Amino acid sequence: MKQDDRNRRQEEQTSPAGMSDVETALKELRNKIDAVDEAVVELLAERQKVVDRVVALKKAHNLPVRHPAREEDLISKRRQQGAASELDPDFIEDIYRTIIRRSRVEQASSMAGKSVRPGAKVLIVGGEGRMGRYFRRCFVDADYEVRSLDRNDWWDVDRLCREIDLAILSVPIEQTEAIAVRLGPHLPAEAVLSDMTSLKAMPLAAMMTAHSGPVVGLHPLFGPTTSTLDKQIIVAAPGRRSSDCQWLLDQFISWGAIVMTADAREHDEIMDIVQALRHFATFAFGRFLSQKQIRLSRSLEFSSPIYRLELGMVGRLFAQDPSLYCEIILASSQRRALLKDYVASMNENLEMIEKGDKTRFQEEFMKIADWFGAFSDQAMRESTYLINKLIERF
Ligand code: NAD
């Protein structure tokens, strides 16, 4: 193009204010985007005001924060709307899950001050411990009268137990049984006796023997660093007079938790896998990496997001307290037997490895894949979601 032509083209594309047509068009479009974004924020604020009214209504009628069916219905409607508007339904779902979670967390924090049983007196045995302190704060915030009985407070046990409505044992697993027996004679007959132990059969049996009043075993499936009870699961193992224990479960539900009722033995069997086996496998993997002196940061530079995710889970374990994990992993003889089976099963791979037997590997693989069945699809979907989130962030 000649210089004159170029100059003419430049003049044509430049608006009187010195902007090119493209710049002017871009500016207009950006102004539109700004206006849409402002409207989005205004609409979110309007939505929040409606949510506040829902909270007030729920508070007045002691209704739980979470309404899973309503949430799923809302998301599926918005997904359909998104698809009809040529927007990726997954993108719309992501946004709505964030909005809903935010609104649930706000509801839960606003409900935190709501007592299902105003004025009730709560004793936390082991109240100076990690979980003890966590639940003390929850009950104090909801205006319960909260007392703590820790290892040096037994001289004062009668006063601490006077007229209490609820006693919660939050002590090391191996001491729960003895402490239940020691506490039992001091409890008012109508007080609810409960616990937070990660095992359920043994503590529940001990509490039932120690106290003739209402008993319910609890296991919060979360630790004391959890910032909100939103969607956190608490397993409840019924002991005696469940209807008299219901207010305690309703209290957790009103804080946003999901209370799942289960038989104590079933709980322990499932926890053998969910907690003991999983944590032990993680421990063994971390131990092996450390024995081999693997250069973690270098390995991450070469890694897929899956390795980062898995290493994150391993690193997470070793960032926590060993006493907590040894209590969980080695909690019962049943668990220790299961872990021995696991180690034996690992050793069964030795021959295949030594021989480099690829056929055998594939046969085993197919057998296991068959056993996993439909769950494999779900696992693929959920882990892909996590991996994509990880890629977005790191
Ligand atoms: P922790 O060691 O932090 O607290 C235990 C408390 O019990 C301590 O304050 C200790 O002084 C007190 N204690 C010990 N002996 C006592 C006695 N004879 N009389 C009165 N108090 C005594 O333990 P934690 O992590 O808070 O765990 C407590 C319970 O909660 C355990 O049963 C555990 O299985 C369960 N739990 C813990 C977690 C967790 O992540 N920490 C999660 C779920 C359930």
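The structure we're discussing is the one just above.
Note that the structure is predicted; figures quoted are calculated from it, not measured. (Residues numbered from 1 in each chain as written. Predicted model: local features only at pLDDT ≥ 70, side-chain atom pairs only at ≥ 80, totals over all residues. Heavy atoms only, no water.)

Caption draft 1: Fine view of the nonpolar core. In this structure, Phe135, Phe139, Leu218 and Phe252 are the most contacted members of the largest nonpolar core, which totals 28 residues. Those residues in contact with phenylalanine 139 that sit more than four places away from it in its chain are Val122, Ile124, Tyr144, Val146, Leu166, Ile168, Leu248, Gln251, Phe252 and Trp255. Listed in part, the 24 residues of the second largest apolar core include Val157, Leu183, Leu204 and Ala237. (Core = buried A, V, L, I, M, F, W, Y, C linked by side-chain atoms within 4.5 Å. Buried < 20%, exposed > 50% of the residue type's maximum accessible area, 1.4 Å probe, protein only. Contact = heavy atoms within 4.5 Å.)

Caption draft 2: Looking closely at the packing of aromatic side chains. This model, assessed by the stated rule, comprises 15 aromatic pairs. Between phenylalanine 252 and tryptophan 255 the ring centres are 5.7 Å apart and the planes differ by 70°, which places this aromatic pair in the edge-to-face class. We classify phenylalanine 252 as buried; its relative accessible area is 0%. (Phe/Tyr/Trp six-rings, centres within 6.5 Å; stacked < 30°, edge-to-face > 60°.)

Caption draft 3: Main features of the state of the cysteines. Within this structure, the stated rule accounts for zero disulfides. Of all cysteine sulfurs, the one in cysteine 245 lies closest to cysteine 138, which takes part in no disulfide; the gap is 19 Å. Judged by its relative accessible area of 13%, cysteine 138 is buried. Unpaired in terms of disulfides, cysteine 161 finds its nearest cysteine sulfur in cysteine 245, a separation of 17 Å. (Disulfide = S-S within 2.5 Å.)

Caption draft 4: The arrangement of the environment of valine 259 in detail. Here valine 259 shows up in strand β7 (residues 258–261). Expressed as a C-alpha distance, the spacing of valine 259 and isoleucine 233, which sit 26 residues apart in the sequence, is 5.9 Å. Setting aside residues no more than four positions away along its own chain, valine 259 makes contact with Ile234, Ala236, Leu249, Phe252 and Ile253. (Helix = DSSP H or I, 4+ residues; strand = E, 2+ residues; numbered from the N terminus.)

Caption draft 5: Local environment of helix α8 (residues 201–210). Buried residues of α8: Ala201, Pro203, Leu204, Ala206 and Met207, and no others. Tucked into the core, α8 has its buried residues touching β3 (166–169), α7 (173–183), β4 (192–195), β5 (215–220), β6 (233–240) and α10 (264–291).

Caption draft 6: Region of the structure containing the site of the ligand. Around the ligand lies a shell of 24 residues, among which Arg130, Met131, Asp150, Val171 and Ser198 are the nearest. Note that an oxygen atom of the ligand is positioned 2.4 Å from one of the side-chain N or O atoms of aspartate 150. Measuring from an oxygen atom of the ligand, one finds a side-chain N or O atom of serine 198 at 2.7 Å. Elements with a contribution of two residues or more to the shell around the ligand: α5 (130–141) and α7. No other element matches α7, which puts three residues into the shell around the ligand. Here the residues of the shell around the ligand are counted per class, giving 13 nonpolar, seven polar and four charged. (Near = heavy atom within 4 Å. Polar contact = N/O pair within 3.5 Å; in protein donor to acceptor, adjacent residues only side chain to side chain. Nonpolar A, V, L, I, M, F, W, Y, C, P; charged D, E, K, R; others polar.)

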